[in-house]
Amino acid sequence: MKIWSTEHVFSYPWETVIKAAMRKYPNPMNPSVVGVDVLDRNLDPEGRLHSHRLLSTEWGLPGIVRAIMGTSHTRTYVKEHSIVDPEEKTMELCSTNITLTNLVSVDERLVYRPHPDNPDVTVLTQEAIITVKGVSLSSYLEGMMALRMSANARKGWDAIEWIIQNSERENVPLCDLY
Amino acid sequence: MNSVGEGCTDLKREYDQCFNRWFAEKFLKGDRSGDPCTEMFKKYQHCVQKAIKEKDIPIDGVEFMGPNKDKP
């Protein structure tokens, strides 16, 4: 079992960041996410928006890893539950893999909220619990996966920034004649 | 972005556009005047649920109650 956590600050207000987070895929930094579907969406009595989504990912695992894991297909599925509270200005996202569960569990939790000292920027707190099951090298593999997650987290932050910047670009007039 | 069900991608994109607009222009601004995407969501869901069954994707524990479980 490995617990990994990190924090990142986006230099954009919370609304901008979560609009991007809701439209995160596709983006050039996460090419392994190949499908996203909303399974359920509803408002709770407190006015918070719940979304349940299914993500399908194509990892392109190296042959040796596939041989060890004994699987010839590389499509994995993740289910994700997010809660957006527009009053409290929080977006919480929890995800877990629903395939390969006999081999590994990756549970992730992300929370986006305005920075307590600066409401114009947004803090993302991200944590993961990784458990590799039934393999004697499990703590080594968990360590490798934690490194992978750090690299992927960085890509995820770049992805959000990319989505924000590409949306902003649409609002820039082509000719500045004033 | 594609749907997990290849035939559902167009329905997904239509729904996503509707939702993203509602999310940005109504929900985040405190406007609770109801969800204009319900019908689109139903069509899209019907397609996705079929694809999930066909592909045997293990999504236990997710309830398919549609977008209006709790109307404000």
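This text follows the structure it describes.
If you're wondering where the values come from, they're calculated on a predicted model, not measured in any experiment. (Residues numbered from 1 in each chain as written. Chains lettered and ligands numbered in written order. Predicted model: local features only at pLDDT ≥ 70, side-chain atom pairs only at ≥ 80, totals over all residues. Heavy atoms only, no water.)

Colleague: Just to check I follow, could you spell out the environment of A:Ala20 for this structure?
Modeller: Of note, A:Ala20 is situated in helix H1 (residues 14-22). Put simply, A:Ala20 and A:Ala159 are 139 residues apart on the chain and 8.8 Å apart in space, counted from C-alpha to C-alpha. (Helix = DSSP H or I, 4+ residues; strand = E, 2+ residues; numbered from the N terminus.)

Colleague: Is there a simple way to think about the nonpolar core in this case?
Modeller: Nonpolar side chains in soluble globular proteins generally cluster together in the buried interior. Formed by 51 residues in total, the largest nonpolar core has its most connected members in A:Leu49, A:Leu54, A:Val84, A:Met91, A:Tyr112 and B:Phe23. When residues of this core are assigned to their parent elements, the largest contribution, 7 residues, is made by helix H3 (residues 138-170) of chain A. The residues touching A:Tyr112, leaving out its near neighbours within four places in the chain, are A:Phe10, A:Trp14, A:Val17, A:Ile18, A:Ala21, A:Lys89, A:Thr90, A:Met91, A:Thr122, A:Val123, A:Leu124 and A:Ile160. A:Tyr25, A:Val33, A:Leu55 and B:Met1 belong to the second largest nonpolar core, which has 5 residues in total. (Core = buried A, V, L, I, M, F, W, Y, C linked by side-chain atoms within 4.5 Å. Buried < 20%, exposed > 50% of the residue type's maximum accessible area, 1.4 Å probe, protein only. Contact = heavy atoms within 4.5 Å.)

Colleague: Help me out: how do you make sense of the state of the cysteines in this one?
Modeller: What we call a disulfide is simply a covalent bond connecting the sulfur atoms of a pair of cysteines. Residues and elements named next belong to chain B. As enumerated under the stated definition, the model contains 2 disulfides over all chains in all. One disulfide in the model links Cys8 with Cys47; its S-S distance is 2.1 Å. Between Cys8 and Cys47, the S-S dihedral sits near -90 degrees, and the bridge is therefore left-handed. A residue pair is termed long-range when its members are at least 10 positions apart, and Cys8 in the segment before helix H1 (9-25) and Cys47 in helix H2 (residues 38-55) qualify at 39 residues. For the pair Cys8 and Cys47, a shared accessibility class is recorded, and that class is buried. Paired through a disulfide, Cys18 and Cys37 show a sulfur-sulfur distance of 2.1 Å. Linking Cys18 and Cys37, the disulfide has an S-S dihedral of approximately -95 degrees and is accordingly described as left-handed. Of this pair, Cys18 sits in helix H1 while Cys37 sits in the loop between H1 and H2, and the two are 19 residues apart along the sequence. Both residues of the pair, Cys18 and Cys37, belong to the buried class. Sequence-ordered numbering of the bonded cysteines in chain B yields a pairing of 1-4, 2-3. (Disulfide = S-S within 2.5 Å.)

Colleague: Looking at this model, I keep getting lost on unusual backbone geometry. Mind explaining?
Modeller: It is generally the case that most residues other than glycine have a negative phi and that most peptide bonds are trans. Residue and element names in this part refer to chain A. That bond from Tyr25 to Pro26 is cis: its omega, 0 degrees, falls within 30 degrees of zero. Following the sequence through the fold, Pro26 ends up in the loop between H1 and strand S2 (33-43). Backbone geometry at Lys89 places phi at a positive 55 degrees, although glycine is not the residue there. In the Ramachandran plot, Leu100 falls in the positive-phi region, its phi being about 60 degrees despite a non-glycine side chain.

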